[in-house]
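Coordinates in review
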Protein chains: 2
Amino acid sequence: MTKIEVMQDMMEINNAYAADNRKLFQKKGVFVINIMGSPGAGKTTLLEKLLSTLQQHIKAAVIEGDLATARDAARIVACNVPVIQINTNGGCHLDAKMISKVLPGFYMDDIDLMIIENVGNLVCPAAYDLGEDMKLLVMSIAEGGDKPAKYPTAFLSSEAVVLNKVDLMPFVNVDIEEMKNEILEINPKIKIFETCCRQGEVTGIDDLSDWLVEIVKQKKQASRN
Amino acid sequence: MTKIEVMQDMMEINNAYAADNRKLFQKKGVFVINIMGSPGAGKTTLLEKLLSTLQQHIKAAVIEGDLATARDAARIVACNVPVIQINTNGGCHLDAKMISKVLPGFYMDDIDLMIIENVGNLVCPAAYDLGEDMKLLVMSIAEGGDKPAKYPTAFLSSEAVVLNKVDLMPFVNVDIEEMKNEILEINPKIKIFETCCRQGEVTGIDDLSDWLVEIVKQKKQASRN
C-alpha cells in the first residue's frame with residue numbers, strides 16, 4: 001500500500017507542476033506538443049524536417065529530452081530554433097518539474113508552438129502530463145505491425161500518430177493498412193500520418209505541418225476571443 | 001527524501017526476489033539470459049531463429065514480458081519451447097517478483113537455459129535485476145547510430161549486444177563500424193554480434209548460438225565441479 005500511495009503522491013506533484021506549466025503556456029498563447037516514441041522512431045529527424053516547414057508559418061521552440069548527451073539539441077540549433085536540452089541522467093521520461101525548470105530559458109512572447117521531444121520510450125512518457133495541449137506519437141514502421149496492440153497506452157493517450165520511415169516498407173514485413181486498423185481499434189479518434197524523412201525522399205511532412213499550423217492558429221484565435 | 005528512500009526500498013525488495021530466483025536457477029543448473037531492447041528491435045523474431053538452432057544443443061525455455069497481449073508467447077509456443085507470458089498491464093519493465101511468480105510453471109530439471117524477453121524499452125529494464133546470469137541487448141540498426149551514446153545504461157549493463165536487421169543497412173544512414181566503436185567506448189568488454197532474421201536472408205544466428213551454448217555448457221560444468 002505504501003508504494004501505491006507514494007506513486008500517487010509523485011503523480012500529484014507532477015500534475016501540480018503540469019497545471020502550472022499549462023497555465024503559463026495558456027497565458028503566453030503557446031501551444032505545446034509532447035512528442036513520444038521508441039528510441040530510433042525518427043523523432044529528431046522528423047522534427048528537423050518539420051521545423052523548416054513550420055517556420056514559414058509559425059514560431060516554434062523545442063525542448064529536447066534525453067538520458068545523456070546534447071546531440072539532439074545540437075541538431076535542432078542548426079534549424080535556427082530556440083532549444084534547451086534536458087538530460088534525465090538515466091531517467092526514462094521527462095516530468096513536468098523538469099519542464100518548469102527550463103521554461104525561464106525561453107522568451108515565451110516570441111513563441112507560438114513549443115515542441116517537447118520526450119525520452120525515447122514507448123511506455124513511461126505516456127503516463128506523465130507535462131502541461132502539453134497534445135501528445136503526438138512517432139513510430140518507425142520498422143518497429144513492426146504488432147506494436148500498437150502491445151503498447152496500447154501510448155496510442156490511447158495521443159491525438160495523432162506519425163508512421164515514419166515508410167520508405168522501409170518494401171524491406172520489412174509490415175502491412176501498413178492492417179497496422180492502421182489496429183491503431184484505430186485502440187483509439188478510433190487518433191489522426192494518422194505517414195512520413196519519410198530520408199534525404200531526397202522526404203514525404204508527408206507538409207500534411208503534418210499544415211494540420212499542426214491550423215491547430216495552433218485555431219487555439220490562438222480561441223484564446224484571443 | 002521520502003521518494004528516494006521508497007525507491008531504495010523497492011529496489012531492495014526487487015533484489016531480494018532476484019537473489020531467490022538466482023539461488024533457484026543455480027540449484028537447478030539453469031543459465032538465465034535477460035533480453036532487453038527497444039520496441040521493434042526484433043527480439044522475438046531473433047528468439048524464434050535462435051531457438052531452432054539452440055535446441056539442437058541445449059534445452060531452452062522462455063518467459064515473455066509485454067505490456068499487453070500474448071502474441072509473443074504464441075510465437076514462441078510454435079517453436080516447441082516451454083513459454084509463459086507475463087503481462088505487466090502497462091508496466092515498463094519486468095521485475096524479479098513477476099519472474100518468481102511464474103517459475104513454478106516450469107519443470108526446471110528439464111531446462112538448461114531460461115531466456116527472459118523483457119518489455120520493449122531501452123531504459124527501465126536495465127535497472128532491474130531479475131536473477132539472471134547475463135543481460136543481452138538487442139538493437140535494430142534502423143534505430144540509428146546515435147543510440148549507444150544516448151542510452152548508455154543498457155549498453156553498460158549488458159554482456160553482449162546484437163545489432164539486428166543488418167539487411168536494412170543500405171537503406172538507413174548508419175555507419176555500423178562507427179556504431180561499434182561508440183558501443184565499445186561505453187563498454188569495452190561488451191561482445192558484439194550482427195544478425196539478420198528476415199526470411200530467406202537469415203545471418204549471424206549460428207555465431208550467437210555457438211557463443212551462448214558454450215557459455216551455458218561452461219557454467220553447467222563449473223556448477224558440477
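Definitions and cut-offs
For every chain, the first residue of the written sequence is number 1, and numbering continues from 1 along that sequence. To read the labels, note that chains go from A and ligands from 1, taken in the order they are written. Thresholds applied to this predicted model are a pLDDT of at least 70 for local features of residues and 80 or more for the giving and counting of side-chain atom pairs; totals over whole chains, interfaces and linings are not thresholded and use all residues. Hydrogens are left out, water is left out, and the side-chain values use all remaining heavy atoms of the structure. Here the copies are matched by least squares. The fit uses the C-alpha atoms of residues with pLDDT of at least 70 in both. Every residue pair with non-hydrogen atoms within 4.5 Å of one another is taken to be in contact. When the sulfur atoms of two cysteines come within 2.5 Å, that pair is taken as a disulfide. Under the scheme applied here, a residue whose accessible area is under 20% of the maximum for its type counts as buried, over 50% as exposed, and between as partly exposed, the area being computed with a 1.4 Å probe on protein chains only. Helix and strand assignments follow DSSP, with helices taken as H or I runs no shorter than four residues and strands as E runs no shorter than two, numbered in order from the N terminus. Pairing between two strands is assigned when DSSP locates at least 2 bridges connecting them. Handedness is read with the strands pointing away from the viewer; a crossover is right-handed when the path from the first strand over the helix to the second is clockwise. Axis definition: a line fitted to C-alpha atoms, over the contacting stretch in the case of helices. Angles run 0 to 180 degrees between N-to-C directions. Under the convention used throughout, the expected extent of a helix is 1.5 Å for every residue step, that is, one less than its residue count. Two parts placed together each lose some accessible area; with a 1.4 Å probe, that loss summed over both constitutes the buried area. The term salt bridge refers to a pairing of a side-chain nitrogen on Lys or Arg with a carboxyl oxygen on Asp or Glu at a separation within 4 Å. Two N or O atoms form a polar contact when they lie within 3.5 Å of each other; inside protein one atom must be a possible hydrogen donor and the other a possible acceptor, and for residues adjacent in sequence the pair counts only when both atoms belong to side chains. Per residue, pLDDT captures the predictor's confidence, and it can take any value from 0 to 100.

So, on to the relation of the copies chain A and chain B. With an RMSD of 0.0 Å, the fit of chain A onto chain B corresponds to turning through 180 degrees and sliding 0.0 Å along the axis. The superposition of one copy onto the other is thereby described by a two-fold rotation axis. Most of the interface of chain A is mirrored in chain B, where 100% of its interface residues are also at the interface.

This part takes up the state of the cysteines. All names here are of chain B. Enumeration over the complete set of coordinates arrives at zero disulfides over all chains. Sulfur of C79: no disulfide; nearest cysteine sulfur belongs to C197 and is 12 Å away. C79 gets classed as buried once you look at its relative accessible area, which sits at 16%. Considering cysteine sulfurs only, C197 is the nearest to C196, which forms no disulfide, with 6.5 Å between them. We classify C196 as buried; its relative accessible area is 2%.

Right, let's get into the pairing of strand β2 (residues 60-66) of chain A. The side chains of a regular strand alternate between the sheet's two faces. All names here are of chain A. Across the seven residues that make up β2, a large majority, seven, are buried. Where burial is concerned, the two faces of β2 agree: the one with A60, V62, E64 and D66 and the one with A61, I63 and G65 are both buried. Pairing geometry for β2 and strand β4 (residues 113-117), over five bridges, is parallel. Note on β4: the bridge partner recorded for I63 is I116. Inspection of the sheet shows β2 paired to strand β3 (residues 83-87) by five bridges, in the parallel sense. Residue pairing in the sheet places I63 in a bridge with I84 of β3. Of the crossover connections in this fold, the one passing from β2 over helix α3 (residues 71-77) to the parallel β3 is right-handed.

Residues and elements named next belong to chain A. Ordered by their spatial adjacency, seven strands build an open sheet running β3-β2-β4-β1-β5-β6-β7, and the pairing between neighbours is parallel. Two strands lie at the open edges of the sheet, namely β3 and β7 (191-194), each paired on one side alone. The sheet shows a mean angle of 20 degrees between the axes of neighbouring strands, direction not considered.

Residues spaced three or four apart along an α-helix point in a common direction, a consequence of the helix completing one turn every 3.6 residues. Residue and element names in this part refer to chain B. Here helix α2 (residues 43-54) is 12 residues long and its end C-alpha atoms lie 15 Å apart, about the 16 Å a rise of 1.5 Å per residue gives. For α2, the tally of buried residues reaches nine of 12 residues, placing the bulk of the element in the interior. Along α2, the residues classified as buried are K43, T44, L46, L47, K49, L50, L51, T53 and L54.

Our focus in this paragraph is the interface of chain A and chain B. Chain A puts 41 residues into the contact, and the matching count from chain B is 41 residues. Here chain A packs against chain B, burying approximately 3200 Å² in sum over the two surfaces, 59% of which is carbon and sulfur. When the buried surface of chain A facing chain B is broken down by residue, P39(A), K150(A) and F171(A) rank first, second and third, together holding 19% of it. Counting every contact that joins chain A to chain B gives seven salt bridges. Scanning the region where chain A abuts chain B turns up 10 residue pairs in polar contact (both at pLDDT 80 or more). Mapped by element, the contributors of at least two residues to the side of chain A that touches chain B are α1 (2-28), α3, α5 (147-150) and α6 (152-156) of chain A.

By the definition in use, this model includes 33 salt bridges over all chains. Across the pair R198(A) and E201(A) runs a salt bridge whose closest N-O atoms are separated by 3.3 Å. The class for E201(A) is partly exposed, based on a relative accessible area of 38%. With its nearest N and O atoms 2.5 Å apart, the salt bridge here joins K147(B) to D146(B). With relative accessibility at 14%, the residue D146(B) sits in the buried group. One network of salt bridges, in which partners are shared, links E48(A), D66(A), D72(A), R75(A), D146(B), K147(B) and K150(B).

Detail in the predicted coordinates should be disregarded across regions flagged by low pLDDT. For chain A, the average pLDDT comes to 94, and 97% of its residues sit at 70 or higher. In the predicted assembly, ipTM is 0.86 and pTM is 0.91.

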